[in-house]
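Coordinate inspection notes
These are the residues of each chain, in order.
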Amino acid sequence: MSENHPDGFLRHPRRPIGYREPASRVADFHQIYRFRWDPAQLRTQGERCMDCGIPTCMAGCPIGNIIPDWNDLVSRGAWREALARLHATNNFPEFTGYTCPAPCETACTLAINDDAVTIKDIERAIVDQGWEAGWIRPEPPSERTGRQVAVVGSGPAGLAAAQQLNRAGHRVTVFERDDAIGGLMRYGIPDFKFAKHQVARRAQQLRDEGIEFRCGVVVGEDVSIDELKARFDAVCLAIGARRPRDVAVPGRELQGVLFGMEYLCAENRHQAGEPLDAAMNAQGRRVVVLGGGDTGADCVATAHRQGASSVVQISINPPLPETRQADNLWPQSPQVRQQTYALQEGGEEAFSLNVAAFLDQDQDGRVDALELERVDWKRDDQGRRTDKIVRESGIILPAHKVLIAIGFEGPEAACLNDPRLTLTSSHTLEADARKMTPVPGVFVAGDASRGQSLVVWAIGEGRDVARQIDLWLMGSSRLPASLSTPYPPLPPKGL
Ligand SMILES: Cc1cc2nc3c(=O)[nH]c(=O)nc-3n(C[C@H](O)[C@H](O)[C@H](O)COP(=O)(O)OP(=O)(O)OC[C@H]3O[C@@H](n4cnc5c(N)ncnc54)[C@H](O)[C@@H]3O)c2cc1C
Ligand code: SF4
């Protein structure tokens, strides 16, 4: 409820900024979302916020963005104030405003029996406006502490940690093994989901605030953890969780069977001007994507843009139900079948299929088909797959290119070359409640700490670890306390 418009949700239907038409967007690598938005439309969308007293949307947002406040500010046209409110909890609102699956919206009170507020689009609009108007500027600290921190990895977790630590007055150096800043925001998420100039301008803001970036440095090979410890007062490992899960079946070694991440990364580099290796080009090829998740969807959409002749996305699981089940009520995210943006553009999906072998029927060393079996699963009381029941076997599906996108198995910790940095049973880097690893002064954040997750969680992790490092270095910290852990709902305004 905007103060000016208490009944906005009754008067205005939900009208998001929305996506470009599938037939048009699939023909290019430009962003899939509509480019332009109308400030008047966004203001009326802000009016739809009921300011319901217990902002479940904020509890749904992993970083606790103060959503009702900026909805109200936008409804009154106070864009600059809204930007300040947004930056109070989120270092990079455009990272989330463009890529977040918006768990806040499924938790919005309106979503109980109506359409949620277009929270993610309002976030995007605020930050778009902020860049366009030149309101987003470097904010270097007024004084320095004399302490130095090394951040390893320049994904959203590393960048958020670096900006927070720098603003606390520490000197920060970010080490990145790639040739460019951004982690999966740069090499992973396709350009049409997140345009790369958005990372470049944030990296420039961080440079202008005094942060140093050293690209092309592999920590563990070019410089050891002990060398970093000797040169810096604290180290933050934000190395992601990119070890891909493999499919160990006959024929895995055949040409044309690739990890989805290799493929997506090659196309990111191609979009940045590098040549595309023929092995990474799906033009005119039959493509099969293994894995029904988001990385799989990005592979489907990339294959269509490259001109694949057909694309099939296979999931080992059965499809989700069409409607919410009794054990999946608001404000949880609805576990229902939804067509992904990628399948709106074309392609087929198939469920309950397990790969038995990759086949090379003409014996030329290249994959030309998959052998599949139709399966059901017995599950334990946590819903985890236990025993496989094969319903049908020997199903042959032609394929020139198979992209494996069945998940990740944690950080590439081996490359750190330090036996003290061990993995937990859930494949995350071992750390205590302060996020400190068994090596004193060495902390961990982002996907390396919680497993392959979301950009918004990575930003929250980066903010959290920055506060922990600041506390460890200084004994106290003015950086904001963690919001990415469960917290009690805020009291209604005025109490
Ligand atoms: C294909 C794909 C699509 C995705 N799409 C979305 C999406 O739409 N929305 C969403 O919210 N999330 C999405 N995600 C998840 C999201 O990208 C990640 O959760 C997020 O990027 C994690 O951030 P991070 O900083 O922890 O790690 P990363 O982004 O993985 O960054 C880690 C960085 O550390 C560097 N590094 C690793 N080891 C070393 C070393 N030894 N020395 C130096 N540097 C090192 C890496 O090169 C990398 O740059 C997607 C993930 C994938 C794979
Ligand atoms: S970061 Fe994600 S969950 Fe949080 S307000 Fe933005 S869209 Fe919603």
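The rules behind the values
Residues numbered from 1 in each chain as written. Chains lettered and ligands numbered in written order. Predicted model: local features only at pLDDT ≥ 70, side-chain atom pairs only at ≥ 80, totals over all residues. Heavy atoms only, no water. Helix = DSSP H or I, 4+ residues; strand = E, 2+ residues; numbered from the N terminus. Rg over C-alpha atoms; globule rule 2.2 N^0.38 Å. Buried < 20%, exposed > 50% of the residue type's maximum accessible area, 1.4 Å probe, protein only. Contact = heavy atoms within 4.5 Å. Areas by Shrake-Rupley, 256 points an atom, 1.4 Å probe, with all protein chains shown as cover. Lys, Arg positive; Asp, Glu negative; His and termini not counted. Charge placed at Lys NZ, Arg CZ, Asp CG, Glu CD. Domains from an automatic or database assignment. Buried area = accessible area lost by both parts, 1.4 Å probe. Salt bridge = Lys/Arg side-chain N within 4 Å of Asp/Glu carboxyl O. Polar contact = N/O pair within 3.5 Å; in protein donor to acceptor, adjacent residues only side chain to side chain. Near = heavy atom within 4 Å. Nonpolar A, V, L, I, M, F, W, Y, C, P; charged D, E, K, R; others polar.

**Some thoughts on the overall build of the chain**
- Broken down by element type, the chain carries 17 helices and 13 strands.
- Against the 2.2 N^0.38 benchmark of 23 Å for 495 residues, the chain shows a C-alpha radius of gyration of 23 Å, consistent with a compact globule.
- Each principal axis of the C-alpha distribution contributes one length, and for the chain these read about 70 × 60 × 50 Å.
- The proportion of buried residues among the 495 residues of the chain is 53%.
- Counted over contacts in the chain with a minimum sequence separation of 6, partners at least 24 positions apart contribute 68%.
- Here the chain displays about 22000 Å² of accessible surface, and carbon together with sulfur accounts for 49% of that area.
- Side-chain charges of the chain comprise 56 positive and 65 negative groups, with the mean position of each set lying 4 Å from the other.

**Topic: the domain arrangement of the chain**
- Looking at the chain, the domain boundaries give domain 1 (8-132), domain 2 (148-242 + 409-474) and domain 3 (257-404).
- The straight-line distance from the C-alpha centre of domain 1 to that of domain 3 is 30 Å.
- Surface buried jointly by domain 1 and domain 3 totals about 1200 Å² across both partners, of which 66% is contributed by carbon and sulfur atoms.
- By the criterion of area lost to domain 3, the three top residues of domain 1 are Val26, Phe29 and Thr106, representing 50% of everything that side buries.
- For the pair domain 1 and domain 3, the interface holds one salt bridge.

**As for the side chain of Gln198**
- Summarising the element assignment, Gln198 is placed in helix H11 (residues 197-208).
- Judged by its relative accessible area of 2%, Gln198 falls in the buried class.
- Within polar-contact distance, the side chain of Gln198 engages the side chain of Arg201 at 3.0 Å.
- Residue contacts for Gln198: discarding those within four places in its chain leaves Glu94, Phe95 and Tyr98.

**Some points on the environment of Phe351**
- Checked against the element boundaries, Phe351 lands in the loop between strand S8 (348-350) and strand S9 (353-359).
- In this structure, the C-alpha to C-alpha distance between Phe351 and Ala162, residues 189 residues apart in sequence, is 42 Å.
- Contacts of Phe351, omitting those with residues within four sequence positions, involve Ser315, Asn317, Pro318, Pro319, Arg337 and Arg374.

**As for the site of ligand 1**
- Taken together, 38 residues are adjacent to ligand 1, and Thr99, Glu176, Lys193, Asp447 and Val455 come closest.
- Thr99 is positioned such that a nitrogen or oxygen atom in its backbone is 2.9 Å from a nitrogen atom of ligand 1.
- The backbone of Leu184 places a nitrogen or oxygen atom 2.9 Å from an oxygen atom of ligand 1.
- Calculation on ligand 1 without its partners gives an accessible area of 1000 Å², and the protein chains cover 98% of this total.
- Elements with a contribution of two residues or more to the shell around ligand 1: helix H10 (156-167), strand S2 (171-176), helix H13 (260-271), helix H14 (294-306) and helix H17 (455-474).
- Across the shell around ligand 1, the residue classes tally to 20 nonpolar, 11 polar and seven charged.
- Here the shell around ligand 1 spans two domains, since at least three of its residues come from each of domain 2 (148-242 + 409-474) and domain 3 (257-404).

**Things to note about the site of ligand 2**
- Taken together, 13 residues lie near ligand 2, and Cys61, Asn65, Cys100, Cys104 and Glu123 sit nearest.
- Elements with a minimum of two residues in the shell around ligand 2: helix H8 (103-107) and helix H9 (119-132).
- When grouped by side-chain class, the residues that make up the shell around ligand 2 number nine nonpolar, two polar and two charged.

**Things to note about the environment of Glu430**
- When you line up the elements, Glu430 lands in the loop between strand S12 (401-404) and strand S13 (442-444).
- By relative accessible area, Glu430 is classed as partly exposed at 33%.
- Residues in contact with Glu430, not counting those within four places in the same chain, are Thr422, Leu423, Thr424, Thr437 and Pro438.

**Section: unusual backbone geometry**
- Cis geometry is adopted by the peptide bond preceding Pro331, which originates at Trp330 and carries an omega value of 5°.
- Topologically, Pro331 is positioned in the loop between strand S7 (310-314) and helix H15 (341-344).
- Positioned with a positive phi, Asp51 is a non-glycine residue whose angle comes to about 45°.
- Mapped onto the elements of the fold, Asp51 is located in the loop between helix H3 (39-47) and helix H4 (56-60).
- For Asp51, a relative accessible area of 25% puts it in the partly exposed group.
- A positive phi angle, near 50°, is found at Asn417, a position not held by glycine.
- As for its position among the elements, Asn417 is in the loop between S12 and S13.

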